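Chain and residue survey
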There are 2 protein chains.
Amino acid sequence: MTPTLAPLPASLPDAVPFVGPETLERQRGAPFRARLGANENGFGPSPLAVEAMRQAAAEVWKYGDPTNHDLKAALSAHCGCEPENLVVGEGIDGLLGLAVRLMVAPGDRVVTSAGGYPTFDFHVTGFGGELVRVPYRDDRQDAAALVARAAETGARMVYLCNPDNPMGGWHPPEVIEAAVAALPADILLILDEAYAEFAPALPRIDPADPRVLRMRTFSKAYGMAGARIGYAIGAPQVIRAFDRVRNHFGVNSLAQAGALAALGDTAHLSRTVARVAEARERIAAIARDNGLAALPSATNFVAIDCGGDDSFARAVLAALGAQGIFARMPWVAPQNRCIRVSCGSRAELDAFAEALPKALAAAGN
Amino acid sequence: MTPTLAPLPASLPDAVPFVGPETLERQRGAPFRARLGANENGFGPSPLAVEAMRQAAAEVWKYGDPTNHDLKAALSAHCGCEPENLVVGEGIDGLLGLAVRLMVAPGDRVVTSAGGYPTFDFHVTGFGGELVRVPYRDDRQDAAALVARAAETGARMVYLCNPDNPMGGWHPPEVIEAAVAALPADILLILDEAYAEFAPALPRIDPADPRVLRMRTFSKAYGMAGARIGYAIGAPQVIRAFDRVRNHFGVNSLAQAGALAALGDTAHLSRTVARVAEARERIAAIARDNGLAALPSATNFVAIDCGGDDSFARAVLAALGAQGIFARMPWVAPQNRCIRVSCGSRAELDAFAEALPKALAAAGN
């Protein structure tokens, strides 16, 4: 007899949402030439953010401010809302876990897309929720169908990622606004806007609407994935509830300082968005050069349709990996006919351009 | 009608375990002269750790390794165990939350001390556990009574902090080893060793014992509280279970780099421990100069018995705060006859020495 897990954790699978590139590098016994699999932003953070983190390093003996006061003040100006509409957490991953914990009791239904973000599914399963999956439509998460399915199934929560991961597409503001308008009064929409800064336009949503939590991050456009800092925008009564369960001193103090500086460097953000747009063009051109189609993207990655089924895409991915190119692919059919390539430096995309034809040949094209 | 919280979160109080000094500073409208309330380590991290974090800042666009491979390799050598015995997380606070989530279902009993660590209680309540509290004995957590009470009440988990927060005392290894020997086979002991590096000696516990999780942190002796990084040592089957619920990419990459460098700088750690010992002596001397008794401490703080009840201690604390000295006090009787003062720089302790007589006078001594 040994201490046993509580029934819910005991019932959970051992599966992990993502295997990190460092593990893959150890398995292959060599570093990757191109790190294009995790939608990281190789153009990097603002130099002002780097400098702020370096300055903050000497002060790391202090716990960070558990209220994230200064960052929330800056974010409220940035987002056009009040500090009471904001909660800062350890990236969107951390905030998703807390939101699920707050809303979902064992057996509650939660609606997401078939092939939506695996870490969200991990949290829902982890708190005993029952996932209801809606198919993608034209390679995009189907906003209207997600909301309709949530209403039909009496779900507590519905998840929508816009712009979309892993396919890269986006919905114009009116589509999201219509989905919000159609939301029943008692269902919480998690609108994952991790890639918001790359989108041509964003929906208008009243930050006081208790039915919506928008989530944003410093991991993507701001180039600070390793810092683990993101935020959610929502109604004050929803935001306050996070205080009941969050790890109050959980946000790294260097991340707080870096995020504050990054938010102020709008010129760097603009340059990043432009460089990402160029890199998307380049990835699309590489796809075309190999007779493949790149899907339209409003993110810092591009899904490339490999023109076969999931086994073929998986073989291409493996052959890329063998050549030192780290990429990933969508998780369910029909999206998993594609591979997903993050925007990176010219050198990394050169390596990808060189490796792709060989990978396609090796995969039996 | 609006989205409602799940029943368990809906039942939770709005109370927050600790108010941070930044909030208190905003309330008083001025910064503190001495930051001696949160058991932070003002002697600071190893310069090697600071340099490692500064180097890592430019690479912050990458997610940290979710397996914490390199740090776990170094920690396994440091702790004399295998990497399979280790889980790294966002400080002990984060690991406590995960451990409670893994073990405690609503209604399960968990034993801790009356006046033990509030953040642990926050997590137990947060997952619906029922706290059973054992009184302190001679100003220390009563190891034998805690284990006995856990056995009597059919608890799932028992918490013991050694060296002790908030009183500063410690148990020699044989007391902890006897408590472990008396543990029933199906009860998990959380041994919070946040202050381990300050202890004269630590117990021997088989890392493969499934009944014990030892928790350590880089927040105290290593001076990296803002980095949010700690670890737990336990049996592989218990450690593996964390993968079912943890935020896999949750540890900050700068924290990973800093912790690795800090672990290697044993000379800095020795200097810190010596400086902390000096500061403890100084705090005890200041207490004596004011006719008060300092309790023995094996930590980086000292509890000072103010010689009255909790109202008197609270008045002393308030009067210290009004003079710009941030300190805290224990949370329940009889420990809350004391104030708790963290070890700090000479300048900060000078400020405390100057302020204490006035605070005692103001409190009506």
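Residues numbered from 1 in each chain as written. Chains lettered and ligands numbered in written order. Predicted model: local features only at pLDDT ≥ 70, side-chain atom pairs only at ≥ 80, totals over all residues. Heavy atoms only, no water.

**Observations regarding the overall build of chain A**
For clarity, the cut-off: Runs of H or I in DSSP of at least four residues are treated as helices and runs of E of at least two as strands, each being numbered from the N terminus. The rule is simple: take the accessible area with a 1.4 Å probe, protein chains only, and divide by the maximum for that residue type; under 20% is buried, over 50% is exposed, in between is partly exposed. We call two residues contacting when some pair of their heavy atoms lies within 4.5 Å. All accessibility values rest on the Shrake-Rupley procedure with a 1.4 Å probe; residue burial counts only the protein chains present in the view. Only four residue types enter the charge count, namely Lys and Arg as positive and Asp and Glu as negative; His and the chain termini do not. Think of each charge as sitting on NZ of Lys, CZ of Arg, CG of Asp or CD of Glu.
For chain A, the count of helices and strands is 13 helices and twelve strands. For chain A, the C-alpha atoms occupy an extent of roughly 60 × 55 × 50 Å along the three principal directions. Burial analysis of chain A (365 residues in total) assigns 64% to the buried set. When contacts within chain A are restricted to residue pairs at least 6 apart in sequence, long-range pairs at least 24 apart make up 72% of them. On chain A, roughly 12,600 Å² of surface is accessible, and the fraction owed to carbon and sulfur atoms is 54%. Side-chain charges in chain A split into 34 positive and 39 negative, and the spacing between the mean points of these groups amounts to 2 Å.

**Some words on the interface of chain B and chain A**
The line we're drawing: Here the quantity called buried area is the accessible surface, traced with a 1.4 Å probe, that two parts lose on coming together, added over both. A pairing counts as a salt bridge when a side-chain nitrogen of Lys or Arg comes within 4 Å of a carboxyl oxygen of Asp or Glu.
Counting from both sides, the interface comprises 82 residues of chain B and, opposite them, 82 residues of chain A. Across the chain B/chain A interface, buried area totals approximately 6,800 Å², and carbon plus sulfur atoms make up 60% of it. On the chain B side of the contact with chain A, Trp61, Tyr63 and Arg244 of chain B bury the most area, a combined 14% of that side's loss. Our count for the contact surface shared by chain B and chain A stands at four salt bridges.

**Some details on the sheet that holds strand 8 (residues 230–233) of chain A**
All names here are of chain A. The test is simple: One requirement defines pairing of two strands: DSSP has to find at least two bridges between them. Lines fitted to C-alpha atoms define the axes here, with helix axes fitted over just the stretch in contact, and angles between the N-to-C directions of these axes take values from 0 to 180 degrees.
Strand order in the open sheet formed by seven strands is 2-8-7-6-5-3-4, and the pairing between neighbours is mixed. The open sheet has two free edges, formed respectively by strand 2 (86–89) and strand 4 (130–134), since each of these has just one partner strand. Across the sheet, the mean angle separating the axes of adjacent strands is 20 degrees when strand polarity is ignored. Two strands pair when backbone bridges link them, and strand 3 (residues 109–113) and strand 4 are joined in this way by five bridges, in the parallel orientation. Within strand 4, the residue paired with Val111 across the bridge is Val132. Of the strands in this sheet, strand 2, strand 7 (212–217) and strand 8 are in contact with helix 4 (residues 69–79), which crosses strand 2 at around 125 degrees. Sheet contacts for helix 5 (residues 91–103): strand 2, strand 5 (157–161), strand 6 (188–192), strand 7 and strand 8; angle to strand 7, the most-contacted strand, approximately 160 degrees.

**Observations concerning unusual backbone geometry**
All names here are of chain A. A cis geometry characterises the amide bond from Asn165 onward to Pro166, with omega recorded as 20 degrees. Among the secondary structure elements, Pro166 is positioned in the loop between strand 5 and helix 8 (173–182). Pro334 follows Ala333 through a cis peptide bond whose omega is 0 degrees. Tracing the backbone through its elements, the reader meets Pro334 in the loop between strand 11 (325–326) and strand 12 (338–342).

**Looking at the pattern of salt bridges**
Here the structure, examined in full by the defined rule, presents 40 salt bridges over all chains. We note a salt bridge from Arg282 of chain A to Asp350 of chain A, for which the minimum N-O separation is 2.9 Å. Here Arg282 of chain A, found in helix 11 (residues 266–289), pairs with Asp350 of chain A, found in helix 13 (residues 346–362); they are 68 residues apart in sequence, far enough to count as distant. Note on Arg282 of chain A: relative accessible area 27%, which makes it partly exposed. Residue Asp350 of chain A is classed as partly exposed on the basis of its relative accessible area, which comes to 39%. A salt bridge links Arg137 of chain B to Asp142 of chain B; the nearest nitrogen and oxygen atoms lie 4.0 Å apart. Overall, Arg137 of chain B belongs to the exposed group, its relative accessible area being 54%. Connected through salt bridges with shared partners, the residues Glu22, Arg35 and Glu40 of chain A form a single ionic network.

**A few points about the pairing of strand 5 (residues 157–161) of chain B**
Residues and elements named next belong to chain B. Stated formally: When the strands point away from the viewer and the path from the first strand over the helix to the second turns clockwise, the crossover is right-handed.
Across the five residues that make up strand 5, a large majority, five, are buried. Both faces of strand 5 are covered, namely the face carrying Met157, Tyr159 and Cys161 and the face carrying Val158 and Leu160. As paired elements, strand 3 (residues 109–113) and strand 5 share two bridges and run parallel to each other. Bridging across to strand 5, Val111 finds its partner in Val158. The parallel pair strand 5 and strand 6 (residues 188–192) is bridged by helix 8 (residues 173–182), and the resulting crossover is right-handed.

**Things to note about the nonpolar core**
The cut-off we apply is this: Only buried Ala, Val, Leu, Ile, Met, Phe, Trp, Tyr and Cys residues count toward a nonpolar core, and they belong to the same one when joined by side-chain atoms within 4.5 Å.
Grouped together as the largest cluster of nonpolar side chains are 202 residues, with contacts concentrated most on Phe218 of chain A together with Phe218 and Phe352 of chain B. Discounting chain neighbours no more than four positions away, the residues touching Phe218 of chain A are Leu71, Leu75, Gly223, Met224, Ala225, Ile229, Gly230, Tyr231, Ala259, Ala262 and Leu263 of chain A.

Geometric descriptors of this kind do not, in isolation, establish any biological role.
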